[in-house]
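In case you want the letters, here they are:
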Amino acid sequence: MQQQSVKYKRILLKLSGEALMGNSSSIFDKPTVDAIIVQIKQIIDLGVKIGVVIGGGNIFRGVNGSEMGLERANADYIGMLATIMNGIALKDFFTLAGVKAQVYSAVAINNIVKGFNRDSMLGRLNDGDVIIFVGGTGNPFFTTDSGAALRAIEMQADLLIKATKVDGVYDCDPKIHKSATKYHTITFDEAIKQNLRVMDMSAFDLCRDHGVNIDVCDIFKNNCLRDSVLGKTQGTLIHV
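Everything numeric here is computed off the predicted structure, so don't read it as measured data.

The rules behind each value
- Residues numbered from 1 in each chain as written.
- Predicted model: local features only at pLDDT ≥ 70, side-chain atom pairs only at ≥ 80, totals over all residues.
- Heavy atoms only, no water.
- Pairing = 2+ DSSP bridges.
- Helix = DSSP H or I, 4+ residues; strand = E, 2+ residues; numbered from the N terminus.
- Contact = heavy atoms within 4.5 Å.
- Axes fitted to C-alpha atoms, helices over the stretch in contact; angles between N-to-C directions.
- Parallel < 35°, antiparallel > 145°, perpendicular 65-115°, else oblique.
- Left-handed = near helix turned anticlockwise from the far one by under 90°.
- Nonpolar A, V, L, I, M, F, W, Y, C, P; charged D, E, K, R; others polar.
- Buried < 20%, exposed > 50% of the residue type's maximum accessible area, 1.4 Å probe, protein only.
- Polar contact = N/O pair within 3.5 Å; in protein donor to acceptor, adjacent residues only side chain to side chain.

Visitor: Residue-level account of the sheet that holds strand 6 (residues 159-164), with values.
Guide: Within the open sheet, the nine strands sit side by side as 4-3-5-2-1-6-10-11-9. Their pairing is mixed. The open sheet is flanked by strand 4 (114-115) and strand 9 (185-187), the only strands paired with a single partner. Sheet analysis places strand 1 (residues 10-15) next to strand 6, joined by five bridges and oriented parallel. Counted as the bridge partner of Leu13 is Ile161 from strand 6. Packed onto the sheet, helix 4 (residues 118-126) meets strand 1, strand 2 (49-54), strand 3 (101-105), strand 4 and strand 5 (130-134) and runs at close to 160° relative to strand 3.

Visitor: Tell me about the packing of helix 5 (residues 144-154) against helix 7 (residues 201-209), and name the residues and values.
Guide: Running from amino to carboxyl end, helix 5 crosses helix 7 at an angle of 15°, the nearest separation of the two axes being 7 Å. Put simply, helix 5 runs roughly parallel to helix 7. In the packing of helix 5 onto helix 7, the handedness of the crossing is left-handed. Each of Asp145, Ser146, Ala149, Leu150 and Ile153 in helix 5 lies in contact with helix 7, whose residues at this interface are Ser202, Ala203, Leu206 and Cys207. Looking at the contact of helix 5 with helix 7 residue by residue, the classes come out as six nonpolar, two polar and one charged.

Visitor: Could you give an account of unusual backbone geometry, with specific residues and numbers?
Guide: The general pattern is negative phi for most residues beyond glycine and trans for most peptide bonds. In this model, Asn111 sits at a positive phi of 70°, which is unusual for a non-glycine residue. Within the secondary structure, Asn111 is located in the loop between strand 3 and strand 4. Despite not being glycine, Phe141 shows a phi value in the positive range, around 75°. Tracing the backbone through its elements, the reader meets Phe141 in the loop between strand 5 and helix 5. Residue classification places Phe141 among the exposed positions, given a relative accessible area of 55%.

Visitor: I'd like a rundown of the packing of helix 1 (residues 30-45) against helix 3 (residues 72-96), residues and numbers included.
Guide: At their nearest, the axes of helix 1 and helix 3 sit 10 Å apart, and the two run at 65° to each other. When the axis of helix 1 is compared with that of helix 3, the two are roughly perpendicular. When you trace helix 1 past helix 3, the crossing you get is right-handed. Each of Lys30, Val33, Ile37 and Ile40 in helix 1 lies in contact with helix 3, whose residues at this interface are Leu90, Phe93, Phe94 and Leu96.

Visitor: Give a description of the side chain of Glu154 that names residues and reports values.
Guide: Relative to the assigned elements, Glu154 resides in helix 5. Polar contacts involving the side chain of Glu154 include one to the side chain of Arg151, which spans 2.6 Å.

Visitor: Which residues make up helix 5, and what are the values?
Guide: Counting buried residues in helix 5 gives eight out of eleven residues, a clear majority hidden from the surface. Those residues of helix 5 not exposed but buried are Asp145, Ser146, Gly147, Ala148, Ala149, Arg151, Ala152 and Glu154. Packing partners of the buried residues in helix 5 comprise strand 1, strand 2, helix 4, strand 5, strand 6 and helix 7. Where helix 5 begins, the side chain of Thr143 points an oxygen toward the backbone nitrogen of Asp145, at a separation of 3.2 Å. In the stretch just after helix 5, Gln156 is the one whose phi turns positive, near 65°.

Visitor: Give me the lowdown on the pairing of strand 3, citing residues and values where you can.
Guide: For a regular strand, side-chain orientation follows a simple rule: the groups alternate between the two sheet faces. With five of five residues buried, strand 3 lies mostly within the body of the structure. Burial along strand 3 is two-sided: the face carrying Ala101, Val103 and Ser105 and the face carrying Gln102 and Tyr104 are both buried. With five bridges joining them, strand 3 and strand 5 adopt parallel strand pairing. The residue bridging Gln102 from the neighbouring strand is Ile131, located in strand 5. Pairing between strand 3 and strand 4: two bridges, direction parallel. Along strand 4, the bridge assignment pairs Ser105 with Gly115.

Visitor: For the pairing of strand 1, give the residues involved together with the corresponding values.
Guide: Judged by how many residues are buried, strand 1 sits mostly within the fold: six of six residues are covered. Side-chain alternation along strand 1 places Arg10, Leu12 and Lys14 on one buried face and Ile11, Leu13 and Leu15 on a second face that is also buried. Direction of pairing for strand 1 relative to strand 2: parallel, over a ladder of six bridges. Residue pairing in the sheet places Leu15 in a bridge with Ile54 of strand 2.

All quantities given are derived from atomic positions and should not be read as evidence of function.
And the structure:
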């Protein structure tokens, strides 16, 4: 009965590296990570197949590296390695919680992490494993948003959930403008017309062209992911 109420049965969850920190100054805040995994287990119990793209901002951000004088490509490569570190840790956190998970990297590191293989990934996904995608797209000058859009399409997801510390998409920055209005739903074309910064445009266009809806929500709100897959988002749904 529960499974029949699920609107989105295959989803890609985009998590920032900073989300793993919670409000702490540590790279990982275990209670915060545990709370995120509880939400993920909720949707696994509903029969949802899930992939996770994890950023690396809790360890290193490529943009910041280039601002310090590093060549942009090299800064981005360091950022990719940060996502791999997060993915390895996240897999262990899932294992501790009794959840099967597998890491696939756009940048293979022998004896540490498997290189991405779509057929292998789909097999593990269909078997019920959580798939953790790391290494971005494997190329510099692309954000993890682009990596998330790409992997969402490759895993045949019907929803990309961008889980952030913001509870949706607004017509202007709610941190600056108290009168900011939050959208519950909005089309891709309307978001582009209003120049709303949901994610980088390459990723946004990929999702629009391949019919992957985007749900922007606050990962720190209870039942956030469950409500999203049931089609009752607490945040903002961007659709074709």
